[in-house]
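Reading the structure
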Amino acid sequence: MKDLVLKIHMGARLARMFRNYNVENRALREISKEKPRSAPRHATTATPSAVTSESVMKKNESLLEHLRSVYVESTDPTVGKEADRRPLRVRLPGSAFSLPELADVPKGKLTLAEALKALGSHQHQPRTWSAEKIAQEYCLELKDTKSVLEFFIPFKVEIIPPRSRTSKQIKAS
């Protein structure tokens, strides 16, 4: 074991010697090389700074008139409290994860507990809990509900019983 460690250490030392061999001369040679020239630019008739500065500093009256004629009116959308919300269908026991207790949810949205309940119900009883029934029950759009049911599948836990009593079992300690 000691010989192996010594060989690895000597191998690293040998590799370092080859890596650092003549480093200064190689670096100096690379630095002293002639730098590549940049590509030639296209020929222009005027200098770019003169053209740009003139056009920026000059007032354009037609644009100023158009700007004065523009009038923007903005209002904040009003949100109806009772019309856009629905009561919760599923609650988590206690204050899970120290989240505040919710009494209602905006229409078109689900809490995590409701989403898991709806997905699980559809997985266990797909005829009873169809996409149409889930959309109606939770005030969702049918297109979104079908997409969720197609692409999100909750985990399925299956407990497989042992083949026989004599097989190895984990005992609680």
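The numbers attached to residues start from 1 for each chain and follow its sequence in the written order. Two thresholds apply to this predicted model, a pLDDT of at least 70 for residue-level local features and 80 or more for giving and counting side-chain atom pairs, whereas whole-chain, interface and lining totals are computed over all residues. Excluded from the side-chain calculations are hydrogens and water; all other atoms, namely the structure's heavy atoms, are used.

- Looking at an unreviewed UniProt entry, the chain carries the name NADH dehydrogenase [ubiquinone] 1 alpha subcomplex assembly factor 4, with the source organism given as Poecilia latipinna.
- UniProt positions are given in the numbering used here, feature names are shortened, and annotations may be inferred rather than shown by experiment. Entered under Subunit (unreviewed entry) in the UniProt record, the comment concerning the chain runs "Binds calmodulin. Interacts with NDUFAF3."

**Examining the side chain of Ser121**
- Segments assigned H or I by DSSP are reported as helices when at least four residues long, segments assigned E as strands when at least two residues long, and all are numbered from the N terminus. Inspection of the secondary structure puts Ser121 in helix α5 (residues 112-124).
- To sort residues, take the accessible area from a 1.4 Å probe on protein chains only and compare it with the maximum for the residue type: under 20% means buried, over 50% means exposed, and anything in between is partly exposed. On the basis of relative accessibility, which here comes to 13%, the residue Ser121 falls in the buried class.
- Once residues within four sequence positions are removed from consideration, Ser121 is found in contact with Pro126 and Trp129. By definition in these notes, contact holds between two residues if any of their heavy atoms fall within 4.5 Å.

**So, the environment of Ser130**
- If you trace the backbone, Ser130 turns up in the loop between α5 and α6 (131-137).
- Considering only alpha carbons, one finds Ser130 and Leu149, 19 residues apart in sequence, at a separation of 9.3 Å.

**As for the packing of aromatic side chains**
- What counts as a ring pair is set by centres within 6.5 Å for rings of Phe, Tyr and Trp (its six-membered ring), and what kind of pair is set by the plane angle: stacked under 30 degrees, edge-to-face over 60, tilted for all other angles. Inspection of the entire model under this criterion finds 0 aromatic pairs.
- Throughout this description, the term charge over a ring refers to an Arg CZ or Lys NZ atom that lies within 6 Å of the ring centre and within 35 degrees of the ring normal. In this structure, Lys133 packs its charged tip against the face of Trp129, placed 4.4 Å from the ring centre.

**Some details on the environment of Phe152**
- With respect to the helices and strands, the residue Phe152 is situated in the segment after α7 (142-151).
- Along the sequence, Phe152 and Ala115 sit 37 residues apart, while their C-alpha atoms lie 9.8 Å from each other.

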